[in-house]
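One letter stands for each residue in the lines below.
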Amino acid sequence: MMENLFAFDRRQLALDQGAVLLEGFALSLDRVLLDAVGRIAEAAPFRHLETPGGRRMSVAMTNTGRLGWVSDRRGYRYDEIDPISGRPWPTMPKAFAEMARNAAAAAGFDGFAPEACLINRYEPGTKLSLHQDHDERNLDQPIVSVSLGVDATFLWGGQTRGDRPQRITVQNGDVVVWGGPARLTFHGVDTLADSDHPLTVALRYNLTFRTAA
Ligand code: MD3
Ligand code: FE
(Lines give C-alpha, C1' and ligand atoms only; values in the text may rest on other atoms or scores of the structure.)
(Ligands and ions follow the chains in the order given, each with its own letter.)
Protein backbone atom coordinates (compact mmCIF):
# COMPACT_ATOMS: atom_id res chain seq x y z
CA MET A 1 0.00 0.00 0.00
CA MET A 2 2.50 2.59 1.17
CA GLU A 3 4.84 2.02 -1.74
CA ASN A 4 2.07 3.10 -4.11
CA LEU A 5 1.60 6.44 -2.39
CA PHE A 6 2.13 9.24 -4.95
CA ALA A 7 2.54 6.76 -7.78
CA PHE A 8 -0.83 7.79 -9.24
CA ASP A 9 0.34 11.04 -10.80
CA ARG A 10 3.44 9.68 -12.57
CA ARG A 11 2.49 9.91 -16.20
CA GLN A 12 4.10 8.16 -19.13
CA LEU A 13 3.59 10.49 -22.07
CA ALA A 14 4.27 9.70 -25.71
CA LEU A 15 5.88 12.92 -26.94
CA ASP A 16 6.21 11.60 -30.46
CA GLN A 17 6.59 8.26 -32.27
CA GLY A 18 9.47 6.62 -30.37
CA ALA A 19 9.80 9.33 -27.70
CA VAL A 20 8.43 8.66 -24.20
CA LEU A 21 8.51 10.95 -21.16
CA LEU A 22 8.57 8.92 -17.92
CA GLU A 23 7.63 11.47 -15.31
CA GLY A 24 9.53 11.07 -12.05
CA PHE A 25 11.07 7.76 -13.10
CA ALA A 26 14.41 8.62 -11.43
CA LEU A 27 12.96 10.74 -8.62
CA SER A 28 13.69 8.24 -5.83
CA LEU A 29 17.32 8.13 -7.00
CA ASP A 30 17.89 11.87 -7.33
CA ARG A 31 20.28 12.19 -4.38
CA VAL A 32 22.14 9.01 -5.30
CA LEU A 33 22.62 10.22 -8.88
CA LEU A 34 23.67 13.74 -7.86
CA ASP A 35 26.15 12.42 -5.27
CA ALA A 36 27.67 10.22 -7.96
CA VAL A 37 27.86 13.19 -10.35
CA GLY A 38 29.85 15.03 -7.67
CA ARG A 39 32.33 12.16 -7.36
CA ILE A 40 32.64 11.79 -11.13
CA ALA A 41 33.38 15.51 -11.43
CA GLU A 42 36.21 15.22 -8.90
CA ALA A 43 38.00 12.82 -11.27
CA ALA A 44 36.77 14.32 -14.56
CA PRO A 45 35.88 17.99 -13.97
CA PHE A 46 33.10 19.76 -15.85
CA ARG A 47 34.52 21.72 -18.76
CA HIS A 48 33.25 23.92 -21.58
CA LEU A 49 34.19 22.11 -24.78
CA GLU A 50 35.14 23.91 -27.95
CA THR A 51 33.02 23.28 -31.04
CA PRO A 52 34.73 22.37 -34.32
CA GLY A 53 33.89 25.94 -35.38
CA GLY A 54 35.88 27.33 -32.44
CA ARG A 55 33.02 28.39 -30.16
CA ARG A 56 32.90 27.62 -26.43
CA MET A 57 29.82 25.60 -25.53
CA SER A 58 27.70 27.25 -22.84
CA VAL A 59 26.84 23.84 -21.35
CA ALA A 60 29.58 22.38 -19.12
CA MET A 61 30.17 18.66 -19.69
CA THR A 62 31.84 15.56 -18.35
CA ASN A 63 31.33 11.81 -18.89
CA THR A 64 31.19 8.49 -17.14
CA GLY A 65 31.47 5.08 -18.77
CA ARG A 66 33.79 3.28 -21.13
CA LEU A 67 33.37 6.05 -23.68
CA GLY A 68 32.86 9.80 -23.38
CA TRP A 69 31.57 12.34 -25.88
CA VAL A 70 34.09 15.06 -26.68
CA SER A 71 34.34 18.00 -29.03
CA ASP A 72 37.29 20.06 -30.19
CA ARG A 73 38.61 21.74 -33.33
CA ARG A 74 38.95 18.30 -34.96
CA GLY A 75 35.25 17.45 -34.55
CA TYR A 76 32.81 15.52 -32.37
CA ARG A 77 33.54 11.95 -31.33
CA TYR A 78 33.51 9.35 -28.55
CA ASP A 79 36.82 8.73 -26.81
CA GLU A 80 37.96 6.29 -24.13
CA ILE A 81 40.27 8.92 -22.66
CA ASP A 82 39.41 12.18 -20.93
CA PRO A 83 41.55 14.73 -22.77
CA ILE A 84 42.02 16.77 -19.57
CA SER A 85 43.23 14.01 -17.24
CA GLY A 86 44.71 11.77 -19.94
CA ARG A 87 43.02 8.85 -18.17
CA PRO A 88 39.91 6.76 -18.86
CA TRP A 89 36.59 8.33 -17.88
CA PRO A 90 35.31 7.40 -14.39
CA THR A 91 33.56 4.01 -14.33
CA MET A 92 29.81 4.23 -14.80
CA PRO A 93 28.10 3.63 -11.43
CA LYS A 94 25.90 0.50 -11.37
CA ALA A 95 22.92 2.63 -10.30
CA PHE A 96 23.29 4.71 -13.50
CA ALA A 97 23.36 1.79 -15.91
CA GLU A 98 20.56 -0.04 -14.12
CA MET A 99 18.27 2.99 -14.06
CA ALA A 100 18.89 3.65 -17.77
CA ARG A 101 18.23 0.01 -18.63
CA ASN A 102 14.97 0.01 -16.64
CA ALA A 103 13.81 3.27 -18.21
CA ALA A 104 14.53 2.01 -21.73
CA ALA A 105 12.63 -1.21 -20.96
CA ALA A 106 9.65 0.79 -19.65
CA ALA A 107 9.59 2.59 -23.01
CA GLY A 108 9.74 -0.67 -24.96
CA PHE A 109 13.49 -0.99 -25.59
CA ASP A 110 14.71 -4.17 -23.93
CA GLY A 111 18.38 -4.94 -23.28
CA PHE A 112 19.71 -1.37 -23.33
CA ALA A 113 23.36 -1.46 -22.19
CA PRO A 114 24.79 2.09 -22.17
CA GLU A 115 28.52 2.51 -22.85
CA ALA A 116 28.59 6.27 -22.39
CA CYS A 117 26.88 8.73 -20.10
CA LEU A 118 27.34 12.38 -21.04
CA ILE A 119 26.66 14.67 -18.09
CA ASN A 120 25.59 18.21 -18.96
CA ARG A 121 25.54 21.02 -16.40
CA TYR A 122 23.41 24.12 -16.99
CA GLU A 123 23.52 27.37 -15.04
CA PRO A 124 21.09 30.27 -15.48
CA GLY A 125 21.48 31.59 -19.03
CA THR A 126 22.85 28.31 -20.43
CA LYS A 127 21.14 26.86 -23.49
CA LEU A 128 21.70 24.06 -25.96
CA SER A 129 20.91 24.88 -29.58
CA LEU A 130 18.87 22.56 -31.79
CA HIS A 131 20.96 19.62 -32.99
CA GLN A 132 20.80 15.92 -33.84
CA ASP A 133 22.71 13.20 -31.97
CA HIS A 134 24.25 11.22 -34.81
CA ASP A 135 27.78 10.52 -33.56
CA GLU A 136 26.69 7.06 -32.38
CA ARG A 137 27.17 4.17 -34.79
CA ASN A 138 24.15 2.08 -33.84
CA LEU A 139 21.11 4.29 -34.31
CA ASP A 140 18.81 1.33 -33.49
CA GLN A 141 19.65 1.89 -29.83
CA PRO A 142 17.72 4.57 -27.92
CA ILE A 143 19.10 7.48 -25.91
CA VAL A 144 17.91 7.80 -22.31
CA SER A 145 18.00 11.25 -20.74
CA VAL A 146 17.56 12.08 -17.04
CA SER A 147 16.86 15.58 -15.73
CA LEU A 148 18.12 16.61 -12.28
CA GLY A 149 17.74 19.90 -10.41
CA VAL A 150 16.15 23.01 -11.85
CA ASP A 151 13.30 22.66 -14.40
CA ALA A 152 14.11 23.14 -18.07
CA THR A 153 12.25 23.45 -21.34
CA PHE A 154 13.10 20.78 -23.91
CA LEU A 155 12.72 21.82 -27.51
CA TRP A 156 12.13 19.16 -30.05
CA GLY A 157 11.59 19.76 -33.69
CA GLY A 158 11.15 17.36 -36.53
CA GLN A 159 13.48 15.49 -38.79
CA THR A 160 14.70 18.70 -40.42
CA ARG A 161 16.23 21.75 -38.74
CA GLY A 162 13.52 24.06 -40.03
CA ASP A 163 10.62 22.32 -38.25
CA ARG A 164 9.17 24.61 -35.58
CA PRO A 165 10.10 23.00 -32.23
CA GLN A 166 7.58 21.88 -29.63
CA ARG A 167 8.28 22.75 -25.98
CA ILE A 168 7.94 20.60 -22.89
CA THR A 169 8.95 21.25 -19.29
CA VAL A 170 11.15 18.59 -17.71
CA GLN A 171 11.62 18.42 -13.95
CA ASN A 172 13.96 16.81 -11.46
CA GLY A 173 13.68 13.03 -11.82
CA ASP A 174 12.01 13.02 -15.24
CA VAL A 175 13.38 10.56 -17.78
CA VAL A 176 12.91 10.70 -21.55
CA VAL A 177 13.64 7.78 -23.86
CA TRP A 178 14.28 8.62 -27.52
CA GLY A 179 14.40 5.78 -29.97
CA GLY A 180 13.04 4.37 -33.19
CA PRO A 181 11.62 7.09 -35.43
CA ALA A 182 12.49 9.81 -32.84
CA ARG A 183 16.17 8.92 -32.64
CA LEU A 184 17.35 11.59 -35.11
CA THR A 185 14.88 14.29 -34.09
CA PHE A 186 16.34 17.79 -33.82
CA HIS A 187 16.30 18.82 -30.15
CA GLY A 188 17.74 21.31 -27.70
CA VAL A 189 17.20 23.04 -24.36
CA ASP A 190 15.88 26.58 -23.97
CA THR A 191 17.84 29.13 -21.92
CA LEU A 192 17.82 28.04 -18.27
CA ALA A 193 15.86 30.46 -16.08
CA ASP A 194 16.95 31.74 -12.67
CA SER A 195 15.50 29.26 -10.23
CA ASP A 196 16.13 27.48 -6.96
CA HIS A 197 16.13 23.73 -6.36
CA PRO A 198 16.63 22.12 -2.93
CA LEU A 199 19.30 19.72 -4.23
CA THR A 200 21.19 21.78 -6.81
CA VAL A 201 20.33 25.44 -6.00
CA ALA A 202 20.52 27.23 -9.39
CA LEU A 203 21.79 24.33 -11.49
CA ARG A 204 20.33 21.71 -13.79
CA TYR A 205 22.09 18.47 -14.70
CA ASN A 206 21.17 16.15 -17.53
CA LEU A 207 22.48 12.64 -17.94
CA THR A 208 22.27 11.13 -21.44
CA PHE A 209 22.95 7.43 -21.74
CA ARG A 210 24.09 6.14 -25.11
CA THR A 211 25.51 3.14 -26.83
CA ALA A 212 28.26 4.72 -28.87
CA ALA A 213 30.04 1.94 -30.71
C1 MD3 B 1 15.92 13.73 -28.96
N2 MD3 B 1 21.07 17.06 -24.06
O3 MD3 B 1 23.43 15.97 -24.63
S4 MD3 B 1 18.52 15.53 -23.54
C5 MD3 B 1 22.66 16.13 -25.58
O6 MD3 B 1 18.95 18.27 -21.58
C7 MD3 B 1 21.35 16.76 -25.32
O8 MD3 B 1 21.09 18.23 -21.74
C9 MD3 B 1 19.90 17.80 -23.68
O10 MD3 B 1 20.62 16.98 -26.23
C11 MD3 B 1 19.98 18.10 -22.22
O12 MD3 B 1 22.91 15.77 -26.73
C13 MD3 B 1 18.63 17.16 -24.05
C14 MD3 B 1 17.20 15.13 -24.54
C15 MD3 B 1 17.52 14.41 -25.79
C16 MD3 B 1 18.64 13.68 -25.89
C17 MD3 B 1 18.86 12.95 -27.03
C18 MD3 B 1 17.96 12.95 -28.07
C19 MD3 B 1 16.64 14.46 -26.80
C20 MD3 B 1 16.84 13.72 -27.95
C21 MD3 B 1 18.14 12.20 -29.24
C22 MD3 B 1 17.20 12.20 -30.22
C23 MD3 B 1 16.10 12.98 -30.09
FE1 FE C 1 21.36 15.92 -28.00
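All of these numbers come straight from a predicted model, not from anything done at the bench.

**Observations concerning the coordination of the iron ion (ligand 2)**
Then comes step 1: Only His131 (NE2), Asp133 (OD), Asp133 (OD) and His187 (NE2) from the protein reach the iron ion (ligand 2) as donors, at distances of 2.0 to 2.8 Å.
Then comes step 2: Bound by six donor atoms, the iron ion (ligand 2) shows angles of 49 to 177° at the metal and therefore irregular coordination geometry.
Then comes step 3: In the primary structure, the donors to the iron ion (ligand 2) are separated according to the pattern H-x1-D-x53-H. Linking His131 in strand β7 (residues 128-131) with His187 in strand β12 (residues 187-189), this pair joins segments that are 56 residues apart in sequence.

**Notes on the packing of aromatic side chains**
The description of an aromatic ring pair uses the distance of the two centres, along with the angle that the planes make with each other.
Then comes step 1: Counted by the stated rule, this structure contains four aromatic pairs.
Then comes step 2: Their ring planes at 25° and their centres at 5.4 Å tell us that Trp69 and Tyr76 sit as a pair that is stacked.
Then comes step 3: The ring of Tyr122 has Arg204 sitting right over it, with the charged end atom 5.0 Å from the ring centre.

**Side note on the pattern of salt bridges**
Then comes step 1: Counted by the stated rule, this structure contains 13 salt bridges.
Then comes step 2: Arg73 is paired through a salt bridge with Glu50; the nearest N and O atoms lie 3.3 Å apart. On the criterion of sequence distance, the pair formed by Arg73 in the loop between β4 (68-72) and β5 (75-79) and Glu50 in the loop between α1 (30-43) and β3 (60-65) is long-range, its members being 23 residues apart.
Then comes step 3: Taking the relative accessible area as the measure of exposure, Arg73 reaches 53% and is therefore exposed.
Then comes step 4: Judged by relative accessible area, which is 32%, Glu50 ranks as partly exposed.

**What about the site of ligand 1?**
Then comes step 1: Near ligand 1 you find 19 residues, and of these Asn120, Tyr122, Trp178, His187 and Arg204 are the closest.
Then comes step 2: Within the side chain of Asn120, one N or O atom sits 2.9 Å away from an oxygen atom of ligand 1.
Then comes step 3: The contact in question runs from an oxygen atom of ligand 1 to an N or O atom on the side chain of Tyr122, over 2.5 Å.
Then comes step 4: Alone, ligand 1 offers 500 Å² of accessible surface; in the complex the protein occludes 97% of this.
Then comes step 5: Going through the elements one at a time, β6 (116-122), β7, β8 (143-149), β12 and β13 (204-210) are the ones with two or more residues in the shell around ligand 1.
Then comes step 6: Residue contributions to the shell around ligand 1 peak at four residues, all from β13.
Then comes step 7: Partitioned by chemical class, the residues of the shell around ligand 1 number eight nonpolar, seven polar and four charged.

**As for the nonpolar core**
Then comes step 1: Formed by 30 residues in total, the largest nonpolar core has its most connected members in Phe96, Val144, Val146, Val175, Leu207 and Phe209.
Then comes step 2: With six residues, α1 is the largest single contributor of residues to this core.
Then comes step 3: Formed by 26 residues, the second largest nonpolar core is a distinct cluster that contains Ala19, Ala116, Trp156 and Ile168.

**Comments concerning the sheet that holds β13**
The strands making up a sheet associate through hydrogen bonds between their backbones, and the pairing can be parallel or antiparallel.
Then comes step 1: Spatial ordering of the open sheet is given by β1-β2-β11-β8-β13-β6-β3, a layout of seven strands whose pairing is antiparallel. Across the chains shown, the open sheet's two edge strands, defined by having one partner strand only, are β1 (12-16) and β3. When strand polarity is set aside, the average angle formed by the axes of neighbouring strands in this sheet is 20°.
Then comes step 2: Where β8 and strand β11 (residues 175-178) come together, four bridges link them in antiparallel fashion. By the bridge assignment for β11, Val144 is matched with Val177.
Then comes step 3: Each of β1, β2 (19-22), β3, β6, β8, β11 and β13 touches helix α2 (residues 94-106); the most contacted strand, β13, lies at about 75° to it.

**Digging into the environment of Asp82**
Then comes step 1: Here Asp82 shows up in the loop between β5 and α2.
Then comes step 2: Measuring from C-alpha to C-alpha, the distance between Asp82 and Gly68 comes to 7.4 Å, with 14 residues separating the pair along the chain.
Then comes step 3: In this structure Asp82 touches Ala44, Arg47, Arg87 and Trp89, once residues within four positions along its chain are discounted.
Then comes step 4: Among the polar contacts made by the side chain of Asp82, one reaches the main-chain amide nitrogen of Ile84 at a distance of 2.8 Å.

**Some details on the sheet that holds β7**
Then comes step 1: The antiparallel open sheet is built from four strands, whose spatial order is β7-β12-β9-β10. Looking along the sheet, the strands with just one partner apiece sit at the ends: β7 and β10 (166-170). Across this sheet, the average inter-strand angle for adjacent strands is 20°, counted without regard to direction.
Then comes step 2: Both strand β9 (residues 152-156) and β10 contribute to a ladder of five bridges, which runs antiparallel. Bridged to Thr153 within β10 is Thr169.

What counts and how
Residues numbered from 1 in each chain as written. Chains lettered and ligands numbered in written order. Predicted model: local features only at pLDDT ≥ 70, side-chain atom pairs only at ≥ 80, totals over all residues. Heavy atoms only, no water. Donors = N, O, S within 2.8 Å, 3.2 Å for Na, K, Ca; no water. Tetrahedral: all angles 85-135°; square planar, octahedral: opposite > 155°, others 65-115°. Helix = DSSP H or I, 4+ residues; strand = E, 2+ residues; numbered from the N terminus. Phe/Tyr/Trp six-rings, centres within 6.5 Å; stacked < 30°, edge-to-face > 60°. Lys NZ or Arg CZ within 6 Å of the ring centre and 35° of its normal. Salt bridge = Lys/Arg side-chain N within 4 Å of Asp/Glu carboxyl O. Buried < 20%, exposed > 50% of the residue type's maximum accessible area, 1.4 Å probe, protein only. Near = heavy atom within 4 Å. Polar contact = N/O pair within 3.5 Å; in protein donor to acceptor, adjacent residues only side chain to side chain. Areas by Shrake-Rupley, 256 points an atom, 1.4 Å probe, with all protein chains shown as cover. Nonpolar A, V, L, I, M, F, W, Y, C, P; charged D, E, K, R; others polar. Core = buried A, V, L, I, M, F, W, Y, C linked by side-chain atoms within 4.5 Å. Pairing = 2+ DSSP bridges. Axes fitted to C-alpha atoms, helices over the stretch in contact; angles between N-to-C directions. Contact = heavy atoms within 4.5 Å.

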